[in-house]
Amino acid sequence: MCSLNTTIRPRRPAGRSLAAVAVVALSAALPAALPATARAATATAEAASCAVLAPGASATAEAAVRAACGQLGVWYSWGGGHGATPGPTFGYYDGSDPDSLHDGERKGFDCSGLARYAYAQATGRDLLNGTANDQFHTAHAAARFTAGQGTAPLLPGDLMFWGSGHIHHVALYLGAGQMVEAYESGTHIRVAPVRTGGDYAGAVRVDGSGSVPPPPANGGTTFETWGTRVRTHSSPSVNASVVDTFPGPSQVSVMCQQHAETVTAEGYTNDIWSKLSDGSWLTNIYIKGPASLPGIPDCGGSPTPPPSGGSKAFQTWGTGVRTHASAAVGAAVVDYFPQPTAINVVCQAHAQTVTAEGYTNDAWSRLTDGSWMTNIYIKGPEWLPGVPTC
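From a predicted model like this one, the values you see are computed outputs, not experimental measurements.

The next subject is the overall build of the protein. A count of helical and extended segments in the protein gives five helices and 21 strands. Taking the intrachain contacts of the protein between residues at least 6 apart in sequence as the baseline, contacts between residues at least 24 apart amount to 60%. As displayed, the protein offers around 17,300 Å² of accessible surface, 56% of which is attributable to carbon and sulfur atoms.

As structure tokens, this is what we get:
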């Protein structure tokens, strides 16, 4: 129902009766009709209910609960929270739910994005980067509990999962039969009674041995690597001498990045390398995030290559901007830009009308990699000057 995948979800959650839907709809509508003082009191009461509600959890699990509760009232957004680093991002249309059409305008989390953020805040490590299904099968599990065990063995911070065969939802247990979750499009992060019926699949207790890492040396920015036996080099080339080898995923402090030798590995091709705080270089292929790391300055080694194939360079704006396989927000996502970036536009066409960030436009641009982006997120007028029609 809320994992970051292409599975079409039902409009109405399974197992919820029409009467329950009516009650939820009514309760969702009531706060808008209440006086400001009553709404404030309701919000205060809800915030007080989102806390560690039982003893026995690890310090890390309790910190994860506090981090999730700190996002109470933030929008649910399909795909939200799955940027290069944990935290709220704009989502996108899930392809089926009309309420999800506006997720591109809502900065927030989906269910797995919230769980990822909570444990990243608690441990300082991006332990749960992935979908709810990925998180259910995490290697960072200290204990697992079956659906038949119910909530009896659970402690605050345990992750509760739903799905039959494929896991589609996750929430954080608070204790006392309550949980905090990012539920579905059109709602906000909330506290709710636990649901152990229907397709409840069980729970996972995350290994609480993580600790917050020290600040990066020399003002660098911390990123996570992936893969095994990843090597750093004395210069930005795979043929340069090896400085270090990471047997598994590790944290690195990145000082700057630049275009250098083109590398093809693990199915990816990239010519951008990052300079680490120890002076060594690592291809960005093995650093979690987009091809060009957000917020990292250029080392000054080489400029961005000029546009190719008769394209024209433009700048994007906004965060969490996506490109698609065709000119529609429901099309498959091709690339993801956490921060403003440079793009090369080949041509543009009138296609699906999009409303986002207060703008409405039906113009889409085709980029040099064949993907499409709504012109709303490209700096300039609605119809880009000097760009031909596709």
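So, on to the pairing of strand E14 (residues 268-276). Of the pairings in the sheet, the one linking strand E13 (residues 251-265) to E14 comprises eight bridges and is antiparallel in character. Looking at E14, one finds that Val-254 is bridged to Leu-276. Between the end of E13 and the start of E14, which pair antiparallel, lie two residues, with Glu-266 showing a positive phi angle near 55°. Of the pairings in the sheet, the one linking E14 to strand E15 (residues 281-283) comprises three bridges and is antiparallel in character. The partner of Ser-274 across the bridge, within E15, is Leu-282.

The next subject is the sheet that holds strand E7 (residues 178-181). The antiparallel open sheet is built from six strands, whose spatial order is E4-E9-E5-E6-E7-E8. Pairing within the sheet leaves two strands with one partner each, and these edge strands are strand E4 (141-145) and strand E8 (190-193). Between one strand axis and the next, the sheet turns through 35° on average, direction left out of account. Here four bridges tie E7 to E8, and the two strands are oriented antiparallel to one another. Bridging from a neighbouring strand, Met-179 pairs with Ala-192 of E8. On the sheet, helix H3 (residues 59-69) packs against strand E6 (169-175) and E7 and is oriented at approximately 110° with respect to E6. Together, strand E5 (159-162), E6, E7 and strand E9 (200-206) form the strand contacts of helix H4 (residues 111-123), whose direction differs from that of E6 by roughly 50°.

With that settled, the discussion passes to the nonpolar core. Counting residues in each nonpolar core, the largest one holds 35 residues, and the members touching the most others are Tyr-119, Leu-159, Phe-161, Val-170, Leu-172, Leu-174 and Val-180. Top element by residues in this core is H4. It accounts for seven residues. Leu-172 has contacts with Ala-64, Val-65, Ala-68, Ala-115, Ala-118, Tyr-119, Asp-158, Leu-159, Met-179 and Val-180, leaving out every residue within four places of it along the chain. In terms of nonpolar packing, the next biggest core, distinct from the first, is built from 18 residues, Phe-314, Ala-327, Val-345 and Val-387 among them.

To continue, consider the state of the cysteines. Counted by the stated rule, this structure contains three disulfides. Linked covalently through their sulfurs, Cys-347 and Cys-390 form a disulfide whose S-S length is 2.0 Å. Disulfide Cys-347-Cys-390: torsion about the S-S bond near 100°, hence right-handed. Here Cys-347 is found in strand E19 (residues 342-356), whereas its partner Cys-390 is found in the segment after strand E21 (372-374), with 43 residues between them in sequence. Assessed through its relative accessible area of 9%, Cys-347 is described here as buried.

This part takes up H3. Along H3, the residues that are buried comprise Thr-60, Ala-61, Ala-64, Val-65, Ala-67, Ala-68 and Cys-69. The secondary structure elements touched by the buried residues of H3 are H4, E6 and E7.

Strand order in this open sheet of three strands is E1-E3-E2, and the pairing throughout is mixed. Two strands lie at the open edges of the sheet, namely strand E1 (75-76) and strand E2 (89-90), each paired on one side alone. The pairing of E1 with strand E3 (residues 107-109) spans two bridges and is parallel. Residue pairing in the sheet places Trp-75 in a bridge with Gly-108 of E3.

The backbone of Ala-176 sits at a positive phi, close to 55°, despite the residue not being glycine. Looking at the element boundaries, Ala-176 is found in the loop between E6 and E7. The exposure class assigned to Ala-176 is exposed, which follows from its relative accessible area of 56%. Unlike most non-glycine residues, Arg-229 shows phi in positive territory, near 50°. Structurally, Arg-229 is set in the loop between strand E10 (221-224) and strand E11 (230-233). When its relative accessible area of 52% is taken as the criterion, Arg-229 is described as exposed.

Attention now moves to the packing of aromatic side chains. This model, assessed by the stated rule, comprises seven aromatic pairs. Ring geometry for Trp-317 against Tyr-359: centres 6.3 Å apart, planes inclined by 75°, an arrangement best described as edge-to-face. Taken as a pair, Trp-317 in the loop between strand E16 (312-315) and strand E17 (321-324) and Tyr-359 in strand E20 (residues 359-367) lie far apart in primary sequence, 42 residues in all. Between Trp-317 and Tyr-377, the aromatic rings sit 5.5 Å apart at their centres with planes inclined by 40°, giving tilted as the arrangement. Placement of the pair is Trp-317 in the loop between E16 and E17 and Tyr-377 in the segment after E21, with a sequence separation of 60 residues. Its relative accessible area of 9% is what places Tyr-377 among the buried residues. Aromatic rings pair up to connect Trp-226, Tyr-268 and Tyr-286 into one cluster. Over the ring of Tyr-183 we find Arg-190, and its NZ or CZ is 4.0 Å from the ring centre. One cation-aromatic arrangement involves Arg-195 over Trp-162; the distance from NZ or CZ to the ring centre is 5.2 Å.

About the cut-offs
Residues numbered from 1 in each chain as written. Predicted model: local features only at pLDDT ≥ 70, side-chain atom pairs only at ≥ 80, totals over all residues. Heavy atoms only, no water. Helix = DSSP H or I, 4+ residues; strand = E, 2+ residues; numbered from the N terminus. Contact = heavy atoms within 4.5 Å. Areas by Shrake-Rupley, 256 points an atom, 1.4 Å probe, with all protein chains shown as cover. Pairing = 2+ DSSP bridges. Axes fitted to C-alpha atoms, helices over the stretch in contact; angles between N-to-C directions. Core = buried A, V, L, I, M, F, W, Y, C linked by side-chain atoms within 4.5 Å. Buried < 20%, exposed > 50% of the residue type's maximum accessible area, 1.4 Å probe, protein only. Disulfide = S-S within 2.5 Å. Phe/Tyr/Trp six-rings, centres within 6.5 Å; stacked < 30°, edge-to-face > 60°. Lys NZ or Arg CZ within 6 Å of the ring centre and 35° of its normal.

No statement about biological role is implied by the geometric values presented.
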